[in-house]
Amino acid sequence: MAENPTAIERKLKAGLFLNSVLPAFEDLLQHNERARSILAERQFSVRFQTSSGLKSTLLFANGQCAFKPGKTLKNDIVLHFLTEEQLINEFEHSGFRVPIPIKGASRFKDLKVIKALSSELENSLRPSEAQLADTKLHDFHLSLQLGIALRAAIELSVHEPRSRSIMKDAPEGTAYFSVGEEGYGAWLEWRKGTICYGKGAPQNKPDVHVAFSNAQTALKAIGNRIDVMAAIGLGDIRVTGLIPLADALGYIFERIPIYLEP
Amino acid sequence: MSPKYVKSMALFQRASAVIPGGIYGHAAPAATVAGAFPYFAERAEGSRYWDVDGNEYIDLMCGYGPILLGYNHPEINAVTAEVQAQGDCFNHPTEYTVQLAERLAQQIEGADWAVFGKNGTDMTSWSIRVAREFTGKKRIAKAKQAYHGVDPWCVPGYGGIIAEDRAQIDSFVWNSVESLHELVKREGENLAAIMITPFHHPNFADSQLPNPDFVTAMNELCEKHGILLILDDVRCGFRLHSNGSHCSFGFNPDLMCYSKALGNGYPISACAGKRALKVAASKCFLTGSFWNAAVPIAAALKTLEIAERENLPKQLKVNGEQLVSGMLALGESHGVPLQSSGPGAMPYVRVAEDTSFHKQQALCAAAVEQGLYLHPHHNWFLSAAHTTGIIEECLQRFEAALKNCKSTLNL
C-alpha cells in the first residue's frame, strides 16, 4: 500500500535531521573550541535510530567527530526513537521526544556530553544578532547552514519524489558554491543518478560556479528569502557555466524550508 | 557589471524593487551572463540596436526571433501608421483579419483555415485542445527539452506547477525512431497529438535537424494511429520556408502554430489547420481582448508580402551560411575550435567540446563587448537586414572578440 503524503513527509524530515543536520557535529568539533573542550578526551559512538529503520552514527574521538550514515558495527550508545515523529521532535525541541537508550543508558557522562554539544550546535545554528557581529562566528554559522543545505539537497534528491524528478532532468556535472573572495566553499557532484558532496573547491574545474558575494546573500538564498533572479542581475550572486544544473539544485534548495526551519 | 552598463544597472535596481526578478523570462540577466550583457534597450534600426547606455550592437537575436525584415522597417511602419490612424482595438475584427486568414490558408502548405492570438503559447495550448476535441483522446506528446510556451503543461521550470498539470503529457527523444515507436506502443491509443518543432533547438545544446527516417516514422505513426501532428513553428516560421517550415523537412502536420516573425515585431500569433479539423476548432473557445487588434494583423500581412517579394528564406540561408563559415574559419585561424548547428537562417555556433559552457559564455560576452550581440546558450536569428556587408562587419567584431578572450578560451 502506498504511504500517505504525511508519512512520506515525516520520513523525509527525519532523514534530513539524521543525514543533513547530524553531520554538522563534524564542523562543530572542527571549528568550535568550546565544543572541543566539552568533548575533551572522551571517546564514544552514538547511534540515532527509529523503529522504521532510519539510522545514523556519530563517532567522537580525539577531540573530533565523524559522521557515519547508517550504523557502525559496535556503538557505545544507541538512542532509539519509537516513531519518526519523536525523532523530529527531539531535533525541533517540541512534543514528546524521549528516546529509549537501548544501549549505553549507564554512560551518563557521555550522554551529558551529547546534550551539551547539541546545545552548542543549536547556538551556532541560531545565533543572536549580537553574536553574528563577530565575524568568526558569522562565518562559522554560514558554513554550518550551507553544509546542512547541501546535504539536505542530496537527501531530497534521493528521497523526495519532486526533487528526484527535478534531478532526473538535470545535466550531470559538478556545482561549486562559494561565498566572498576567500570564504566558505563546498560542492555537489551529480553523476549517474547520484549526488555527492564535499567541502572546499572541487578538484577539477566545476561545471557551474555559484558565487555569493557575501554571507548574508548566501544565507538568504538558501533560506528561500531572496529574489534570486534579481540578485543575479544585481551581481550579488554570480552563476557561470552549466546554468541548468544550478537551476535544478536551486529548485531543490527552495524546497528545504518545507522540511527544515532555516 | 561592466562600466558600459551604468544606466542598465540603475534601471535594473529600480526594476528589481517593483518587478519579481527585475526582468523575467527569456530576457532575464540570469539567462545570459549577468553583468556582461546589457539589460535594457532603447532603440533599433535595421540589424542594429542601442541599449540605454548608448552602446550599439549588431543583433543576431532579432528580439529572440520576431524581427524578420529588420528593426523599424519603413514599409511596416507606413502600413501600421496608416491602420493605427483608423483605430486598432474595436468591438469586432476588421477586414485585415479575414485577409490574413485567407493569405495563410493559401500560403501555408496543408492549411485551409487560420485563427489568431498574440503569443506562441496562445496557439500551442489552443492547438492541443483542438486535437483533443477532434480525436476524443487525452494525451499529448512532445520531444524532451523542447520548448512550446509558458502554460503549465509545457513551461520550463517548476514554479507553480503541480503534477496534475503534466499528467497527460508524454515525451520522446528527438530524432529517435525507437523512442517514437516506444511512445506510440505505450500510449498510441490515448495520444491526441504529438507536438514537434521543425528542428530541435533546445537551450544549452546544439540544434538538431530531423533525420529523414525520423520524419518518415513521425508521419507514418501519426497517420496509422490517428494521432494529430502539431507543428510548433513559432520560432522557425517564415525564416526557413515561405510555405511553413514543415516543407523544409517533409513533416505532414495537421495543425501549424506561428508567431514571432509573422508580424516583424508586432504582437501576433496564428494557428493554421487542415480542413478536417475546422469543425473541432470552431468548438474550442478562443479569445482575448486584444486578439482582433488591426495593427498587428496588418503588420503581418505586410511582413508576409515583403518576405515573399524578397524570397527571404533563401537570402537568410545564404547569409547565415556566410556568417557560420566565416566564424568557423576565424575560430580555426585563432586556434579556438568552434562547432555549428542548425539551419543558416537560425544558426548556433559555440566553442567545441565546452560541455560546461564556460568558454562559450566568455566568447559571447567578449562579442557583446565588441558590439556583436550573440546568445551563449540559445540559437541565433538572421533577418533581411543582415546583408552581406553586415555579415562582414559581424565577422570583424567576432574576430576582435576571439582575440580579446583567447587566453580564457584556452583555459
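Residues numbered from 1 in each chain as written. Chains lettered and ligands numbered in written order. Predicted model: local features only at pLDDT ≥ 70, side-chain atom pairs only at ≥ 80, totals over all residues. Heavy atoms only, no water.

Quick word on the overall build of chain B
As a reminder of what qualifies: Starting at the N terminus, helices and strands are each numbered in turn, a helix being any DSSP run of H or I of at least four residues and a strand any DSSP run of E of at least two. The size measure is the radius of gyration over C-alpha atoms, and the globule rule it meets is 2.2 Å times the number of residues to the 0.38 power. When accessible area is computed with a 1.4 Å probe and restricted to protein chains, residues below 20% of their type maximum are described as buried, those above 50% as exposed, and intermediate ones as partly exposed. Two residues form a contact once any of their heavy atoms are found within 4.5 Å. Under the convention used here, a 1.4 Å probe and the Shrake-Rupley method define accessible areas, while residue burial counts only the protein chains that appear. Residues scored as charged are limited to Lys and Arg (positive) and Asp and Glu (negative), so that His and the chain ends carry no count. Every charge is mapped to an atom, namely NZ of Lys, CZ of Arg, CG of Asp or CD of Glu.
Scanning chain B from terminus to terminus reveals 13 helices and 13 strands. Taken over C-alpha atoms, the radius of gyration comes to 21 Å for chain B, in line with the 22 Å a tight globule of 411 residues would show. Its C-alpha atoms give chain B principal-axis dimensions of roughly 60 × 55 × 45 Å. Per-residue burial over chain B gives 59% buried out of 411 residues. Across chain B, every contact between residues at least 6 apart in sequence was considered, and the portion connecting residues at least 24 apart equals 75%. Taken as a whole, chain B presents about 16,900 Å² of accessible surface, with 52% of it coming from carbon and sulfur. Separation of charge centres in chain B, based on 34 positive and 41 negative side chains, amounts to 3 Å.

Considering the domain arrangement of chain B
All names here are of chain B. The criterion, for reference: The split into domains, and so the bounds of each, comes from an automatic or database assignment of domains. Buried area is a sum: the accessible area each of two parts loses on coming together, probed at 1.4 Å, counted once for each and added. In what follows, salt bridge is the name for a side-chain nitrogen of Lys or Arg lying within 4 Å of a carboxyl oxygen of Asp or Glu. Polar contacts, as counted here, are pairs of nitrogen or oxygen atoms within 3.5 Å of one another; within protein the pair requires one atom able to donate a hydrogen and one able to accept it, and residues that are adjacent in sequence qualify only if both atoms are side-chain atoms.
According to the domain assignment, chain B consists of domain 1 (3-72 + 311-405) and domain 2 (74-309). Each of domain 1 and domain 2 has a C-alpha centre, and the two are 26 Å apart. Across the boundary between the two partners, domain 1 contributes 28 residues, which contact 28 residues of domain 2. A combined buried area of about 2,300 Å² lies between domain 1 and domain 2, and 58% of that area is made up of carbon and sulfur atoms. Its salt-bridge partner being D206, residue R350 comes within 2.7 Å of it at the nearest N-O pair. Scanning the region where domain 1 abuts domain 2 turns up 19 residue pairs in polar contact (both at pLDDT 80 or more). Secondary-structure elements contributing two or more residues to the side of domain 1 that touches domain 2 are α10 (312-333), β11 (338-341) and β12 (348-351). Looking at which element gives the most residues to the side of domain 1 that touches domain 2, the answer is α10, with 3 residues.

Comments concerning the interface of chain A and chain B
Counted only if it meets this: Side-chain classes follow a simple rule in which Ala, Val, Leu, Ile, Met, Phe, Trp, Tyr, Cys and Pro form the nonpolar group, Asp, Glu, Lys and Arg form the charged group, and the remainder, Gly included, forms the polar group.
With 20 residues of chain A at the contact, the number on the chain B side is 25 residues. The interface formed by chain A and chain B holds 0 salt bridges in total. At the level of secondary structure, the elements contributing two or more residues to the side of chain A that touches chain B comprise α8 (161-168), α10 (228-234), β10 (237-241) and α11 (243-259) of chain A. Of the residues assigned to the side of chain A that touches chain B, the class counts are 11 nonpolar, 4 polar and 5 charged.

Remarks on the sheet that holds strand β5 (residues 100-103) of chain A
Residue and element names in this part refer to chain A. Defined as follows: Should DSSP find at least two bridges between two strands, the strands are taken to pair. Each axis is a line fitted through C-alpha atoms, taken for helices only over the stretch in contact, and angles between the N-to-C directions span 0 to 180 degrees.
What the 5 strands build is an open sheet, ordered β3-β2-β1-β4-β5; its pairing is mixed. Edge strands, defined here as strands with exactly one partner in the open sheet, are β3 (64-69) and β5. Within this sheet the neighbouring strands show an average axis-to-axis angle of 25°, counted without direction. Alignment of strand β2 (residues 55-61) against β3, held across 6 bridges, turns out to be antiparallel.

So, the nonpolar core
Test applied: Only buried Ala, Val, Leu, Ile, Met, Phe, Trp, Tyr and Cys residues count toward a nonpolar core, and they belong to the same one when joined by side-chain atoms within 4.5 Å.
Membership of the largest hydrophobic core comes to 178 residues, with the highest contact counts inside it found for B:F172, B:I194 and B:M218. Counting 24 residues, the second largest nonpolar core, distinct from the first, contains B:W153, B:A193, B:M195 and B:A281.

Here's the deal with the side chain of B:Q361
Tracing the backbone shows B:Q361 in helix α11 (residues 358-369). Residue B:Q361 is classed as buried on the basis of its relative accessible area of 3%. Not counting the four nearest positions on each side in its chain, B:Q361 is found in contact with A:T240, A:G241, A:I243, B:V33, B:F204, B:P376 and B:H377.

Considerations on the confidence of the model for chain B
Note the following rule: Known as pLDDT, the predictor's confidence for each residue is given on a scale from 0 to 100.
Looking at chain B, pLDDT values average 97 and 100% of them are 70 or higher. Taken together, the chains of this predicted complex give a pTM of 0.93 and an interface ipTM of 0.94.

Remarks on α10(B)
All names here are of chain B. Here is the rule: Expected helix span is given by 1.5 Å per residue-to-residue step, counting one fewer step than there are residues.
Compared with an ideal rise of 1.5 Å per residue, which puts 22 residues at 32 Å, α10 spans 31 Å between its outermost C-alpha atoms and is within 8% of the ideal. In this structure, the buried side of α10 is in contact with α9 (294-309), β11, β12, β13 (372-373) and α12 (388-404). Downstream of α10 by a residue or two, G335 has a phi angle that is positive, lying close to 70°.

Quick word on the pattern of salt bridges
Residues and elements named next belong to chain B. Inspection of every chain in the model, using the stated rule, returns 25 salt bridges over all chains. R397 is paired through a salt bridge with E56; the nearest N and O atoms lie 3.2 Å apart. Linking R397 in helix α12 with E56 in strand β3 (residues 56-59), this pair joins segments that are 341 residues apart in sequence. Residue classification places E56 among the partly exposed positions, given a relative accessible area of 23%. Taking the shortest distance from any N to any O, the salt bridge between D254 and K274 comes out at 3.6 Å. With D254 in the loop between α7 (246-249) and β9 (255-258) and K274 in the loop between β10 (269-273) and α8 (278-283), this residue pair connects regions lying 20 residues apart in the sequence. The exposure class of K274 is partly exposed, given its relative accessible area of 21%.

Description of the pairing of strand β7 (residues 185-191) of chain A
Residues and elements named next belong to chain A. Burial of β7 is extensive: 5 of the 7 residues sit out of reach of the surface. By the bridge criterion, 6 bridges tie strand β6 (residues 173-179) to β7 in an arrangement that is antiparallel. Its bridge partner lying in β7, A175 is registered against L188. What sits between the antiparallel neighbours β6 and β7 is a turn of 5 residues, in which G180 has the positive phi angle 65°.

A closer look at a nonpolar patch on the surface
Residues and elements named next belong to chain A. As a reminder, the rule being used: Patch criteria: residues need more than 30% relative accessible area and no salt bridge. Like-charged residues are merged within 9 Å; nonpolar side chains of Val, Leu, Ile, Met, Phe, Trp and Tyr are merged within 5 Å.
On the surface, L82, I100 and I102 cluster together into a nonpolar patch covering about 270 Å² of accessible area. By the element assignment, I102 lies in strand β5. A relative accessible area of 52% places I102 in the exposed class.

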